[in-house]
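Per-entry structural report
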Amino acid sequence: MAAAQQEMTLAIMLLDIAVVLLVGLLFGRAVRSLRQPAVIGEIIAGIALGPSVLGLLPGDLTQRLFPVDVRPLLSAVSQVGLVLFMFMVGWEFEKRLVRPNAGLAAGVSLSSVAFAFGLGVALATLLHPHHATVAGHHVPFLAFAVFMGTAMSVTAFPVLARILTDTGLLDTRVGSLALASAAIDDVLAWCLLAYVSALVSADGDYGELARIGLLAAGYGALMLLVVRPLLARLMWRWASAERWSALLVVLCAGALGSAWLTTWIGIHAIFGAFLFGFVMPREPAHVLGRHLRQPLENVSLVLLPVFFVVTGLNVDLAALTGGDCLALALIIAVACAGKLLGAIVPARLFRLSWREAKDLGLLMNTRGLTELIVLNAAVSLGVLDGRMFTMMVIMALVTTAMAGPLLSRRKELATVPPQRPVTDFIGPHT
């Protein structure tokens, strides 16, 4: 009987994945017709399948389709997709992308992160008393405040690249600068998230926090000084012999193993996957793209939509109170103000026009999938309760969706020669 029940649970999981893929595809195509990135539709699809929409219909359809005993399996599948996606994000980071605009990109990125982080911490002082308990455990203010600052600081690099392509702004001065700034911003955001993970794992024990910090520093040194040259040598030898299948296995195993190691250290798994991708060789780009990046993106294309549904199952719009709606409006206002001011001020100091500075701020304000990764990490760490998670997901949707309609037309902006093919920056979930 137990074996039959287990087999049925696995069968329901397979059905759920099939539903997720089809619904995600449907919503993704629908929003693309509205000139929005597909990730917006996939996130909405996840919310629609959760308690906010499907769960309100008669018959408790969300529970029937996604029963409690199946959800851990779906979560496990989503984590595999998430780890591989984060590996790809790290691999796609290019120093050459930053160099042409290094000074201004660094100024915009640091300023937007500082403005957004500071406003996020200030907002945390107002919100923490109402969200200080998660699952019966007290959330320290420092962990909550640093997380809020981190969540406000995020810019979704892959989503931004898709928006630039769809609007024809990729080869403008604003588009080139936004990509470079977002690349730096992503690295800063993952470092901040790693700090939050260590802070929560230490649970107020500064000796434990120091231990995690030392282990994390040792891990980073190991990846840069040992793993990076070993990967370069392995890639050169096996690529010359066209052992692409073996390389794919090694890369997946390395990303998953690195994610486990950072979890063991006390920082979130996605940081390990990101850093393993960061130390990966990037040349020859066209060969690696065809034989390695594209197959990995295809695997992620199947697995990652499950992540959106797992996220959507935790979003419950009906649970928000009147006070939460006011808090949500404040969260969105703070999120926009931090990124817009943080980008516009340095852009104007570097003598960009008001139109270019405004567009740059809108682009840096896109959060998309990157924000969902940060939010889910906070939930797994026990920093966010359900209502706060719901409000932050809505903020991610609003700030991402508002960019496209408010951006200037291409002919109104200065153009520059394209630095790299846009396909190098766009993954399957943007």
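To be clear, the structure that these remarks concern was listed above.
Residue positions within a chain follow its written sequence, with the count starting from 1. Local features in a predicted model are, by the rule used here, given only for residues with pLDDT of at least 70; side-chain atom pairs are given and counted only at 80 or more, and totals for whole chains, interfaces and linings are based on all residues. Only hydrogens and water are removed before side-chain values are computed, so all heavy atoms of the structure are retained for them.

Further remarks concern the overall build of the protein chain. Helix and strand labels come from DSSP, where a helix needs a run of H or I of at least four residues and a strand needs a run of E of at least two; each type is numbered from the N terminus. What the protein chain contains, in helices and strands, is 18 helices and two strands. Taking 430 residues into account, the globule formula puts the C-alpha radius of gyration at 22 Å, and the protein chain, at 21 Å, falls close to it. Here the C-alpha coordinates of the protein chain stretch approximately 65 × 60 × 50 Å along the principal axes. For each residue, the accessible area found with a 1.4 Å probe, counting protein chains only, is set against the maximum for its type, and the residue is called buried under 20%, exposed over 50%, and partly exposed in between. A burial count over the protein chain gives 54% of its 430 residues as buried. For a compact globule the rule gives 2.2 Å times the number of residues to the power 0.38, and the radius of gyration it is set against comes from C-alpha atoms.

Soluble globular proteins tend to bury their nonpolar side chains together. Residue types Ala, Val, Leu, Ile, Met, Phe, Trp, Tyr and Cys, when buried and joined through side-chain atoms within 4.5 Å, form a set referred to as a nonpolar core. In this structure, W91, F147, M148, M152 and W190 are the most contacted members of the largest nonpolar core, which totals 123 residues. It is helix α9 (residues 173-202) that contributes the most residues to this core, 16 residues altogether. Not counting chain neighbours up to four residues away, the residues in contact with W91 comprise M235, L251, G277, F278, M280, P281, R282, L288, L292, R293 and L296. Core analysis: the next-biggest nonpolar cluster, separate from the first, contains 18 residues, V20, L84, V306 and V310 among them. Whether two residues touch is decided by their heavy atoms; if any such pair falls within 4.5 Å, the residues are in contact.

Here the focus is the state of the cysteines. Any covalent bond linking the sulfur atoms of two cysteines counts as a disulfide. Criterion for a disulfide: a pair of cysteine sulfur atoms within 2.5 Å. Applying the stated criterion across every chain yields a total of zero disulfides. The closest cysteine sulfur to the non-disulfide-bonded C325 is located on C336, 17 Å from its own sulfur. Judged by relative accessible area, which is 45%, C325 ranks as partly exposed.

Our next topic: helix α17 (residues 386-401). Helical periodicity: at 3.6 residues per turn, an α-helix aligns residues three or four positions apart in one direction. Between the first and last residue of a helix there are one fewer steps than residues, each counted as 1.5 Å, and that sum is the expected span. End to end, α17 covers 23 Å across 16 residues, agreeing with the expected 22 Å (1.5 Å per residue, within 8%). Burial analysis of α17 places 12 of its 16 residues in the buried class, which makes it a mostly covered element. Every buried residue of α17 is listed here: M388, F389, T390, M391, M392, V393, I394, M395, A396, L397, T399 and T400.

Salt bridge, as applied in this entry: a Lys or Arg side-chain nitrogen positioned within 4 Å of an Asp or Glu carboxyl oxygen. Tallied over the full model, the rule gives three salt bridges. Across the pair R387 and D324 runs a salt bridge, and its minimum N-O distance is 2.8 Å. With R387 in helix α17 and D324 in helix α14 (residues 322-349), this pair connects stretches of sequence that are 63 residues apart. A relative accessible area of 28% means that R387 is categorised as partly exposed. The residue D359 makes a salt bridge to K358 at a minimum N-O spacing of 2.9 Å. Looking at D359, the relative accessible area reads 0%, which means it is buried.

Let us now look at the side chain of Q36. As for its placement among the helices and strands, Q36 is situated in the loop between α1 (2-32) and α2 (38-49). Here a polar contact is taken to be a pair of N or O atoms separated by no more than 3.5 Å, where protein atoms must pair a possible hydrogen donor with a possible acceptor and residues adjacent in sequence count only if both atoms sit in side chains. Within the structure, Q36 has its side chain in polar contact with the backbone oxygen of A401 (distance 2.8 Å). Aside from chain neighbours lying at most four places away, what touches Q36 is V31, T400, A401 and P405.

Our next topic: the packing of aromatic side chains. What counts as a ring pair is set by centres within 6.5 Å for rings of Phe, Tyr and Trp (its six-membered ring), and what kind of pair is set by the plane angle: stacked under 30 degrees, edge-to-face over 60, tilted for all other angles. In total, this model carries four aromatic pairs according to the counting rule given. Between the aromatic rings of F87 and W91, the centroid separation amounts to 5.5 Å while the plane-to-plane angle is 40 degrees, which identifies the pairing as tilted. Within this pair, F87 and its partner W91 are both found in helix α4 (residues 71-92), separated by four residues, close to a single helical turn. A single burial state applies to F87 and to W91, both of which are buried. For the pair F87 and F276, a centre-to-centre distance of 5.7 Å together with 35 degrees between the ring planes defines the contact as tilted. Of this pair, F87 sits in helix α4 while F276 sits in helix α12 (residues 269-278); the two residues are 189 residues apart in sequence, bridging distant segments of the chain. A single burial state applies to F87 and to F276, both of which are buried.

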